[in-house]
Amino acid sequence: MVVVHGVSVTPGVVVSRFPLPLSSSSSSARPLNTGFNGNSFFLKKRPLTHTLIRSMSVGKIFAGNQSAEFDSKSQTISASKKVLVPDNLDDGASLVTDELQGPSSFSEESQILNLASQTMEENGALSTEDQTSVFEASRAYSSEKFVKEKEVRPRTVPPPGDGQGIYEIDPMLRSYRDHLDYRYGQYRRLREEIDKYEGGLEAFSRGYEKLGFSRSDAGITYREWAPGAKSASLIGDFNNWNPNADIMTRNEFGVWEIFLPNNTDGSPAIPHGSRVKIRMDTPSGIKDSIPAWIKFSVQAPGEIPFNGIYYDPPQEEKYVFKHPQPKRPKSLRIYEAHVGMSSTEPMINTYANFRDDVLPRIKRLGYNAVQIMAIQEHSYYASFGYHVTNFFAPSSRCGTPEELKSLIDRAHEFGLLVLMDIVHSHASKNTLDGLNMFDGTDAHYFHSGPRGYHWMWDSRLFNYGSWEVLRYLLSNARWWLEEYKFDGFRFDGVTSMMYTHHGLSVGFTGNYTEYFGLETDVDAVTYLMLVNDMIHGLYPEAVTVGEDVSGMPTFCIPVQDGGVGFDYRLHMAIADKWIEILKKRDEDWKMGDITYTLTNRRWSEKCIAYAESHDQALVGDKTIAFWLMDKDMYDFMALDRPSTPLIDRGIALHKMIRLITMGLGGEGYLNFMGNEFGHPEWIDFPRGEQRLSDGSVIPGNNFSYDKCRRRFDLGDADYLRYHGLQEFDQAMQHLEEQYGFMTSEHQFISRKDEGDRVIVFERGDLVFVFNFHWTSSYFDYRIGCSKPGKYKIALDSDDPLFGGFSRLDRKAEYFTFDGSYDGRPCSFMVYAPCRTAVVYALANHENLGSES
């Protein structure tokens, strides 16, 4: 006997949570509801423009319905009438089709452009209007190709491996084989049970097609897992909130269901944009909850709890993705962003504004990925998006789901990956609009008692050993990849997931007993293996990054080899080390301490390095720029005013810290928006005063948005010193793009001189020289290198373009001479001014900086 869904079953007997027949197959048409009160957030249709682009002389018409707001063709997203039945594997339930752009040997787009060229030769230059028409015709055809020229390919999650590869990668793990083999055995057992009872991980991760609202030609089906409820009914604007109108039925697994047939005129029983909730009689009393699988929720003006919204826009309003998703880059340069605070004005910014204003900036700066925070709906704005209430709904503060899709599509047009900051480590404790006490019980989605509560975060903790929690979270990750075309995730709070102590008051020393013992939450680790397996199996180009401070071995090893399966781990110790160092005098900085922290990572497990993220920018903390320059930033950042020693020091070290972090810290790099130019002050979300239970009061900021924005205008102003920092960050990103040094296997630190305060290292084909001394500059300073030849400066932090003092000749050439030095076969002589970072490259490569 095994236990599935909380029910004991005999192995070999198929158990389906959704057995046939379904009520939808026998329901009659629903009479038109004349009592609808009209409360809909989407009843007013947006104006549409019909664009006709005529190619010259060919006579072809390129037509497309475009939304005036979204700049998008319409798309029909059809809902399957067939409910997937796990025991019927012959009907393709374990497969999903991946639509790929078909190859074309002769592009009709090129015919359009060639025709334009021919017309110019015959009739002279085209008018501006004609040039625009040709360009739009070409782009329209490209979009048409992406949408229509598709091949169908089945997608499946590959079967598990043997899980033994980790012992070849790290023989020290063999001493912990009992724990690791048990962990992998739990993962294999779950894969086998999911295959047996749910039709496979691919089908299991499409729970959003079964639970929540699903639409067919006949009507709307709504299902909700709430085993603790005694009765349930669907209420909302569509039935005047009458709890007796639409009573739900319960199956043996605690899933409540109702089918609402179409109205007699063929319209859906629930209008798009109307409010909905589920009313349940629970052990805690009668409660109205937002459906757990809701796809959109909003907060009405003057109300505190959010409202669930039935989101099913008409065909002409659905966004159509026009651009293919980029391939995964070899090295990741991530721009961490928060849409709401991305405006220069004190306001909540929109998806559309971020798309039009911020994405071009990210592309210009040289980043190849944008990581977006606070996507999942969260009722408390100041939680930075980490107290999620509605896991399948994008935050309505910034716009609609279609606008978010438009943002992602535009990023893909720029060649940018879009990573989502996903929260599966905990959930809001809200009971009115979140998952907490959803069915009136403490142990529904979460552990009961103290184990289900995070005392520091004041939030609920998932029970990763629950079958339905696994369905919910796996489907949630799948939903964002499938519906919104995200290119991967940054999983938040993974350390808290993997240990029962949640990493609180624990100092990880690297001893393996800290990772593989009784304090490890094997259920949580197994879930992380499953979700990585699902993501990489179905979406091979997707990227997963885990926020783990513990440094757990095997974290970034593929699941089939016995690892947890992440592509990257956030190298969180680096930011903490920089804050620790910045609190010291320059004389107390240790070069060996810096290089040790930057390189202290596991071989073959990739890391994302960062000097600071959003954590350091929050109120109560300080950014690196503020640690360095403090109040002088208010008065001395204008170029028409004299600088101060604090400003000069701060600008120099800000550049050096970021470059050495990128140079040594990992195989990827991350920056939080605005920090590239030393954004002043901190982030403070709008909030009122808070009275605690002991009577003390935490003052608010009168709900001000003044410090909940990003002053991009400061970095763009060429009359401010912020501009030099921004230019340096841009040059740094383009340097990595050109040389790809972050993913080079060659890394060698040849010098870390505590007396000179100099660090010299090679990464790829580049030689990095850092002089952290506050006063001493070194002439004819000899540095080692691995390759002979002529070197030139590839990047110089002292370039005046970057706010430097121009102490180096960028046209100078540096010739190597043979002979071992600092453990290297060659060497050359340089000038190393104080507080500078200079990157040297063999002269056959192009330079970057003020001459680029």
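Reading guide: rules and limits
- Note on numbering: residues in each chain are counted from 1, in written sequence order.
- Local features are withheld for residues below a pLDDT of 70 in this predicted model, meaning they are given only at 70 or higher, and side-chain atom pairs are given and counted only at 80 or more; totals for whole chains, interfaces and linings count all residues.
- Excluded from the side-chain calculation are hydrogens and water; included are all heavy atoms of the structure.
- Strands qualify as paired when DSSP identifies two bridges or more between them.
- Think of it this way: any DSSP run of H or I at least four residues long counts as a helix, any run of E at least two long counts as a strand, and we number them from the N terminus.
- Here an axis means a line fitted to C-alpha atoms, over the contact stretch when the element is a helix, while the angle between two N-to-C directions is reported on a 0 to 180 degree scale.
- Think of pLDDT as the predictor's per-residue confidence, scored from 0 to 100.
- In this description, contact between two residues means that some pair of their heavy atoms is separated by no more than 4.5 Å.
- When residues are sorted by character, Ala, Val, Leu, Ile, Met, Phe, Trp, Tyr, Cys and Pro go into the nonpolar class, Asp, Glu, Lys and Arg into the charged class, and all the rest, Gly among them, into the polar class.
- In a helix, the anticipated span is given by 1.5 Å times the number of residues less one.
- For each residue, the accessible area found with a 1.4 Å probe, counting protein chains only, is set against the maximum for its type, and the residue is called buried under 20%, exposed over 50%, and partly exposed in between.
- What counts as a disulfide here is a pair of cysteine sulfur atoms lying within 2.5 Å.

1. So, the sheet that holds strand S36 (residues 817–821)
The strand order across the open sheet formed by 3 strands is S33-S37-S36, and the pairing between neighbours is antiparallel. At either margin of the open sheet sits one strand with a lone partner, and together these are strand S33 (778–785) and S36. The mean angle between the axes of side-by-side strands here comes to 55°, regardless of whether they run parallel or antiparallel. Across 6 bridges, S33 lies against strand S37 (residues 824–832) in antiparallel orientation. Paired with Tyr781 across the two strands is Val830, which belongs to S37.

2. Things to note about the confidence of the model for the protein
Overall, the predicted model of the protein reaches an average pLDDT of 85, with 81% of residues at or above 70. In the predicted structure, residues 147–151 sits below a pLDDT of 50 and forms 15 contacts with residues beyond four places in sequence or in another chain. Residue range residues 847–852 is modelled with pLDDT below 50. Its contacts to residues more than four positions away, or to other chains, number 20 contacts.

3. Describing the packing of helix H6 (residues 351–365) against helix H17 (residues 722–739)
The contact between H6 and H17 brings their axes to 8 Å, and the two run at 65°. Between H6 and H17, the contacting residues are Arg361, Arg364 and Leu365 on the first element and Gln726, Asp729, Gln730, Gln733 and His734 on the second. Grouping the constituent residues of the contact of H6 with H17 by class yields 1 nonpolar, 4 polar and 3 charged.

4. A look at helix H7 (residues 401–413)
Under the 1.5 Å per step criterion, the end-to-end length of H7 is 19 Å for 13 residues, consistent within 8% with the ideal 18 Å. A large share of H7 lies buried, amounting to 11 of its 13 residues. The set of residues buried in H7 consists of Pro401, Glu402, Glu403, Leu404, Lys405, Ser406, Leu407, Ile408, Asp409, Ala411 and His412. Considering only its buried residues, H7 is in contact with H6, strand S17 (369–373), strand S19 (390–394), strand S20 (417–422) and helix H8 (467–483). After H7 finishes, the residue Gly415 shows a positive phi value of roughly 80°.

5. Digging into the state of the cysteines
Enumeration over the complete set of coordinates arrives at 0 disulfides. Distance from the sulfur of Cys556, which forms no disulfide, to the nearest cysteine sulfur (Cys607) is 6.4 Å. By relative accessible area, Cys556 is classed as buried at 9%. The thiol of Cys785 is unpaired, and the distance to the nearest cysteine sulfur, on Cys826, comes to 4.9 Å.

6. Points about the sheet that holds strand S11 (residues 255–261)
Strands sit in the order S7-S8-S11-S10 across an open sheet of 4 strands; the sheet is antiparallel. Each end of this open sheet is capped by a strand with a single partner; those strands are strand S7 (212–215) and strand S10 (249–250). Pairing of strand S8 (residues 219–225) with S11 involves 7 bridges; the strand directions are antiparallel. The residue bridging Ile220 from the neighbouring strand is Leu260, located in S11.

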